[in-house]
Amino acid sequence: MSDLPRHLFPKRLRLLKGAEFDATFAAKLSAGDGVLVIHARPNGLGHPRLGMAVSRKVGNAVRRNRWKRTLREAFRLAQHELPPLDFVCLPRLREEPTFAVVDAALRGLARRLAKKQAKQAAQREAAQREAAQREAAP
RNA sequence: CGAGAGGGCUGGGCGACCGCCGGGCGCUGCGAAGCGCCGGGAGGAAAGUCCGGGCGGCGUAGGACAGGGUGGUGGGUAACGCCCACCAGUCGAAAGGCUAGGGAAAGUGCAGCAGAGAGUAGACCGCCUAAGGGAGCGGUCAGUGUUCAGCUGUCAGCGAUCAGACGCGCAAGCGGCAGCUGAAGGCUGACAGCUGAUCGCUGACCGCUCCCCGGCAAGGGUGAAACGGUGCGGUAAGAGCGCACCAGCGGGCGGGGUGACUCGCUCGGCUUGGUAAACCCCACCCGACGCAAGGCCAAACAGGGGGCAGAGCUUGUCCGGCUCGCUACGACCCCCGGGUGGGCCGCUUGAGGCGACGGGCAACCGUCGUCCUAGAAGAAUGGUCGCCGCCGCCGCCCCCCUUCGAGAGAAAGGGGUCGGCGGAGACAAAACCCGGCUUACAGGCCCUCUCGGGGC
RNA sequence: AACCCCGUAGUGUAAUGGUAACACCAGGGAUUUUGAUUCCCUUAUUCCAGGUUCGAGUCCUGGCGGGGUUG
């Protein structure tokens, strides 16, 4: 019982600085569906982190807060099943979010991002190996 | 019961588990931090940022101008463009609502179209013809002329009569009128005069019609708006032209009110339009900047170029005041480049909430008691559920009332309890803090008042 | 936080307080054998709600929406 993972959500699971957001966007790793767009970036910390960017186009302050809380709650409960990436989530819908929809979207997109990231890493590794060989050849 | 008016309150509740923010205590740890327990954690508008303040520092905060704001009176307030009471105007049958509600006889400006005329205006239709001028018609009078009639006179002519001369006869008388003369009368004609009529002309007067020049502003018509209303007098027609009353304006006196204002009396010239959310004038108010204010600590870096003896201090201009600098490695300003973009304080006890008593019509104020009630910073209140509450429908049972019935009971309606199903749950979230305003808002509750209908 | 600007036909712009104008586009019609050109016609809740005024796109107040500036 005591070894069951707990679903705490302290500050270290959050993206808090502008630089961290910029880096995530710059990683060019993203996926989206009708609900969310998620940008991601491997962080090497062994756990995922969450960042959010909720535009004023989504709605007024109440609706924007609701989106952020729903996203945080979905992330908190799913944190142990997510790959160790930094996520920046952007809502796409203008309606009030429901937990079930957001939770499904987050998990689905995270799975796709994990695959994509592995592929990207493999390609980069292959390119590096090729370059190393080319350098070693002459 | 229906229709309406004014005002106040509320903005789902309880619980479980998993989380979030910050506070206190405890434990682990060198520390960073972590964990546990306890209690706290969005609004009436937190919103828009439209006003007003507090607070903060400012090389002192002074003046004039500019600029901005406000605008009935009195009060409330830290202050206000807010609130209360009152006044005035206006809308409503009423309860009540609304009003940027100072000044238009300080000046300037504006008013399309229509209309005659749009501001010390104007004359289209219309009314008048008194004064002046002209034309026409009619009447009267005077003068004059034409024509006609009558009368009178003169002249001429005509014929009859008579007489004379003449002839006969003694005479009385007779004859005879061819010619001559005369007479009165007649007729005809001409002329003159008078009278009357007629038709003209001229003049005067009177009346009527028209025109010119004028007079008028009552009526029609235009307009959003046309220089008071009614009546009598007055006049050529009219008109504040005069008078009476009314409305309005201004002055004076008196009563009431702190005052805006109001009531009464009296006098005056008889009337002075609208617009200042047009410029403007008057009165009053405003130092500008804002918690990224402002202060402390820590970390990092790299300077270069230009302007200039001045530069800055409180936006604009001027004066005054102050500070720094004044032959410069230089104050200050501008441009390019570099670094950091961390922490703490400010930061929540306040024009504070609640209750009682007292003052005040009220807004509000005073005294006493009591309470502490969010402080985030990629920015905290969420998630999953359970129960209750709200609304609608259906079912069971019970009660009330009306009708029918002798009664049992039946039918329609209303209410309650229980159960089931379904539905609604708004607007909108602190960012230094208050007082207001404005705007958004599902549902629910309460109080007061007005009008209408019915019953007792 | 402190401010500034804008909102007019589908689009881009005009309009001393007095009939909402111009260009392009679109639609319809005429001309032409057809097409192009040309000509004519049609198209407005002046962002919304109040107010001032005889009269408001214009002036005032309050909202809504969009854009921008400084730190």
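Our subject in this report is the structure included herewith. Quick caveat: nothing in here was measured; it's all calculated off a predicted structure.

Next up on the list: the pairing of strand β3 (residues 49–52). Burial along β3 is two-sided: Arg49 and Gly51 facing one way and Leu50 and Met52 facing the other are all buried. In this sheet, strand β4 (residues 85–91) lies alongside β3 in parallel orientation, the contact comprising four bridges. The residue bridging methionine 52 from the neighbouring strand is cysteine 89, located in β4.

All right, on to the sheet that holds β4 then. The sheet built from four strands is open, its strands ordered β1-β2-β4-β3 with mixed pairing. In the strand order of this sheet, the two ends are held by β1 (30–32) and β3, each with one partner. In this sheet, neighbouring strand axes are inclined to one another by 20° on average, regardless of whether the strands run parallel or antiparallel. Seen against the sheet, helix α2 (residues 61–78) touches β2 (36–42), β3 and β4 and runs at an angle of roughly 165° to β3.

Once that is clear, we can look at the nonpolar core. Counting 26 residues, the largest nonpolar core has Leu36, Ile38, Trp67, Phe87 and Leu113 as the members making the most contacts within it. Secondary-structure elements contributing two or more residues to this core are β2, β3, α2, β4 and α3 (99–136). Ignoring sequence-local partners within four residues, the contact set of isoleucine 38 consists of Leu29, Ser30, Ala31, Phe87, Val88, Cys89, Leu106, Leu109 and Leu113.

Moving residue by residue along a regular strand, the side chains alternate between the two faces of the sheet. Among the seven residues in β2, five count as buried, and that is most of the element. Where β1 and β2 come together, three bridges link them in antiparallel fashion. Across the sheet, the residue bridging to glycine 32 is valine 37, located in β2. Direction of pairing for β2 relative to β4: antiparallel, over a ladder of seven bridges. Across the sheet, residue proline 42 finds its bridge partner in β4, namely leucine 85.

Here we take up unusual backbone geometry. With the exception of glycine, the majority of residues adopt a negative phi angle, and the majority of peptide bonds are in the trans configuration. Residues other than glycine seldom take positive phi values, yet lysine 28 does so here, at roughly 55°. Note on placement: lysine 28 falls in the loop between α1 (18–26) and β1.

Reading guide: rules and limits
The residue numbering used here restarts from 1 in each chain and proceeds along that chain's sequence as written. Chains carry letters and ligands carry numbers; both start at the beginning, A for chains and 1 for ligands, and go up in the order they are written. Where totals are concerned, whole chains, interfaces and linings use all residues; where local detail is concerned, this predicted model gives features only for residues with pLDDT of at least 70, and gives and counts side-chain atom pairs only at 80 or more. Note that water and hydrogens are dropped before the side-chain values are worked out from all heavy atoms of the structure. We call a residue buried when its accessible area falls under 20% of the maximum for its residue type, exposed when it is over 50%, and partly exposed in between, using a 1.4 Å probe and counting protein chains only. Helix and strand assignments come from DSSP, with helices taken as H or I runs of at least 4 residues and strands as E runs of at least 2, each series counted from the N terminus. Note on pairing: DSSP must find at least two bridges between two strands before they are called paired. Lines fitted to C-alpha atoms define the axes here, with helix axes fitted over just the stretch in contact, and angles between the N-to-C directions of these axes take values from 0 to 180 degrees. We call two residues in contact when some of their heavy atoms are within 4.5 Å. The definition of a nonpolar core used throughout is a set of buried Ala, Val, Leu, Ile, Met, Phe, Trp, Tyr and Cys residues joined through side-chain atoms within 4.5 Å.

Don't take any of this as a statement about function, it's just geometry.
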